[in-house]
Amino acid sequence: AKPTSPDVTQCGLASVEDKGKSMTLDCCPPKPSQFVDFKLPKSYGHNLKIRPAAHLVDKTYIEKYNKALSLMKALPDSDPRSFAQQAKVHCAYCNGGYHQAGLPDLDFQVHGSWLFFPFHRAYLYFYERILGSLINDPTFAIPYWNWDHPDGMVMPTFFNDQNSPFFDVNRDQNHLPPTVMDHTYDGPAKEHHMPYDEQIKQNLTIMYKAMVANAKTPEMFLGAPYRQGDPPGTQPGSLEVQPHGTIHNWVGNPKPNTPFWEDMGNFYSAGRDPIFYAHHANVDRTWSIWKTLSPKNKDFKDKDFLNSYFYFFDENAQPVRISVRDCLSSRKMGYDYQPMDLPWLRSRP
Ligand code: C2O
């Protein structure tokens with residue numbers, strides 16, 4: 001077997017399907033011609049960037065992120081560092097824009113397999129570096145949406161400020177703060193409306209299952225192997241399904257003018273909502289936490305896992321090829337997370 005990677009020289013139309021409706025669109029980022037290979041910083045542990053919990057950040061931090069994101073949104077759409085292009089990355093990698101290198105008939109897909117965590121880690125890594133460079137602050141770290149803690153189970157309020165770059169009109173208006181999220185959310189028809197305490201308790205139980213009970217092997221947590229020739233992502237890990245996927249749908253807008261559950265409820269549009277990057281920062285954080293919970297919780301040693309790679313544009317608009325082997329430790333990459341209590345550890349069903 002061989003690792004699988006996208007053929008970025010042949011990006012094609014992406015397709016979006018949902019409940020009988022479908023459309024195609026062009027979401028190809030610029031073609032990376034002269035790419036360089038990513039290199040981890042030589043030393044690490046000093047000057048780690050610390051990603052803060054979004055519900056705890058202060059005004060100064062929000063202003064800084066506001067400035068950085070405004071500058072990113074002000075870049076011309078053709079600039080690979082622009083917000084428009086950052087959003088397209090998710091579409092190209094998730095809706096069949098790219099095909100597997102060497103297998104032009106087979107879509108490349110970063111969901112539903114062991115590529116899920118490393119792809120999104122690398123994606124956020126470059127997003128964060130671009131923001132930092134736009135405000136000349138290489139220490140800038142994006143916030144994480146702490147939805148595994150009762151205090152973080154609502155949309156972080158600053159994302160709901162209409163006059164800020166964090167705002168996105170395509171969100172479910174019934175789920176704005178202070179509505180508490182439902183980690184089992186399955187669409188408006190099955191809305192639960194539970195009392196607060198019950199909802200929190202249920203969410204913590206879902207977290208326990210995603211992180212512990214249903215996450216006892218690398219395959220159960222990270223997702224199944226995905227190699228050259230395999231059909232696109234058929235076996236997601238525990239957390240990818242719930243609550244990662246359910247929170248996507250909970251944020252997206254299931255209304256007629258957003259037929260594909262835009263923005264967060266569809267792969268092609270999820271990256272258009274700035275809350276996406278806070279959501280995924282917490283997904284990324286759970287990967288690091290999972291590895292501390294048991295000596296058995298380890299990354300795959302499989303070469304096909306380690307040698308899979310993706311392409312991103314860095315803060316200098318330089319295309320970079322990054323392999324999974326370089327995405328295994330956030331600390332080696334230069335960042336970590338503000339520690340928070342993990343109440344779900346005590347929430348065994
Ligand atoms: Cu690429 Cu949250 O999905």
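Here the structure is a predicted model, which is why all the values come from computation and not from measurement. (Residues numbered from 1 in each chain as written. Predicted model: local features only at pLDDT ≥ 70, side-chain atom pairs only at ≥ 80, totals over all residues.)

Student: Mind laying out the overall build of the protein chain, listing which residues take part and the relevant values?
Tutor: A count of helical and extended segments in the protein chain gives 10 helices and nine strands. Its C-alpha radius of gyration of 19 Å places the protein chain within 12% of the 20 Å reference for a compact globule of 349 residues. Projected onto its principal axes, the C-alpha positions of the protein chain cover 55 × 50 × 45 Å. Residue pairs in contact within the protein chain that sit at least 24 positions apart in sequence constitute 72% of those at least 6 positions apart. (Helix = DSSP H or I, 4+ residues; strand = E, 2+ residues; numbered from the N terminus. Rg over C-alpha atoms; globule rule 2.2 N^0.38 Å. Contact = placed C-beta atoms within 7 Å.)

Student: Help me get a handle on the nonpolar core, residues and values and all.
Tutor: Counting 90 residues, the largest nonpolar core has Ala122 and Phe312 as its most contacted members. If one sorts the elements of this core by residue count, helix H3 (residues 116-134) sits on top with 11 residues. Ignoring sequence-local partners within four residues, the contact set of Phe312 consists of Ala122, Tyr123, Phe126, Val320 and Ile322. (Core = buried A, V, L, I, M, F, W, Y, C linked by C-beta atoms within 7 Å. Buried ≥ 20, exposed ≤ 12 C-beta atoms within 10 Å, placed from the backbone.)

Student: Account for the pairing of strand E8 (residues 319-323), with residues named and values stated.
Tutor: Judged by which residues are buried, E8 turns out to be one-sided: Val320 and Ile322 face inward and are buried, whereas Pro319, Arg321 and Ser323, on the alternate face, are not. With two bridges joining them, strand E3 (residues 36-37) and E8 adopt parallel strand pairing. By the bridge assignment for E8, Val36 is matched with Val320. Connecting strand E7 (residues 309-313) to the antiparallel partner E8 that follows it, the hairpin turn spans five residues, and Ala317 within it adopts a positive phi of roughly 60 degrees. (Pairing = 2+ DSSP bridges.)

Student: Can you lay out the confidence of the model for the protein chain for me, pointing to particular residues and giving the numbers?
Tutor: Considering every residue of the protein chain, the mean pLDDT works out to 95; 100% of them sit at 70 or more. Across the interfaces of the predicted complex, the ipTM metric reaches 0.99, alongside a pTM of 0.97. (pLDDT = per-residue confidence, 0-100.)

Student: Residues and numbers for the packing of helix H6 (residues 238-251) against helix H8 (residues 275-293), please.
Tutor: Between H6 and H8, whose axes approach to 11 Å, the crossing angle comes to 165 degrees. Considering their axes alone, H6 and H8 lie roughly antiparallel with respect to each other. Judged by the sense of rotation from one axis to the other, the crossing of H6 with H8 is right-handed. Together, Leu239, His244, Ile247 and Val251 of H6 and Ile275, His279, Val283 and Thr286 of H8 make up the contact between the two elements. (Axes fitted to C-alpha atoms, helices over the stretch in contact; angles between N-to-C directions. Parallel < 35°, antiparallel > 145°, perpendicular 65-115°, else oblique. Left-handed = near helix turned anticlockwise from the far one by under 90°.)

Student: An account of the UniProt feature "binding site: Cu cation A" (unreviewed entry) in the protein chain is needed here, citing residue identities and associated values.
Tutor: Within the UniProt annotation, "binding site: Cu cation A" (unreviewed entry) is assigned to His90, His111 and His120. The greatest C-alpha distance among the annotated residues, which extend across 31 residues, is 10.4 Å, indicating that they converge on a single site. Discounting residues that sit within four places of it in the chain, His111 has contacts with Cys94, Phe116, Gly233, Pro236 and Glu240. Take His120: it is sitting in helix H3. A count of 25 C-beta atoms within 10 Å places His120 in the buried class. With residues up to four places along the chain from it excluded, the contact list for His120 reads His280, Val283 and Asp284. (UniProt positions renumbered as here; feature names shortened; annotations may be inferred.)

Student: Any details on the sheet that holds E7? Residues and values, ideally.
Tutor: Within a sheet, neighbouring strands are paired by backbone hydrogen bonds and run either parallel or antiparallel to one another. Across the sheet, three strands lie side by side as E3-E8-E7; this open sheet has mixed pairing. The open sheet has two edge strands with one neighbour each: E3 and E7. Relative to E7, H3 is tilted by about 15 degrees, and along the sheet it contacts E7 and E8.

Student: I'd like a rundown of the environment of His248, residues and numbers included.
Tutor: Following the sequence through the fold, His248 ends up in helix H6. Put simply, His248 and Met264 are 16 residues apart on the chain and 5.0 Å apart in space, counted from C-alpha to C-alpha. Every residue in contact with His248, bar those within four places of it in the chain, is listed here: Met264, Gly265 and Ala270.

Student: Provide a residue-level description of the environment of Ser82, including the pertinent values.
Tutor: Position of Ser82 relative to the elements: it lies in the loop between helix H1 (59-74) and helix H2 (83-94). Residue class for Ser82 comes out buried when judged on the 20 C-beta atoms lying within 10 Å of it. The sequence separation of Ser82 and Asp148 amounts to 66 residues, and the corresponding C-alpha distance is 30 Å. Each residue touching Ser82, except ones within four places of it in the same chain, is listed here: Met72, Leu75, Pro76 and Asp77.

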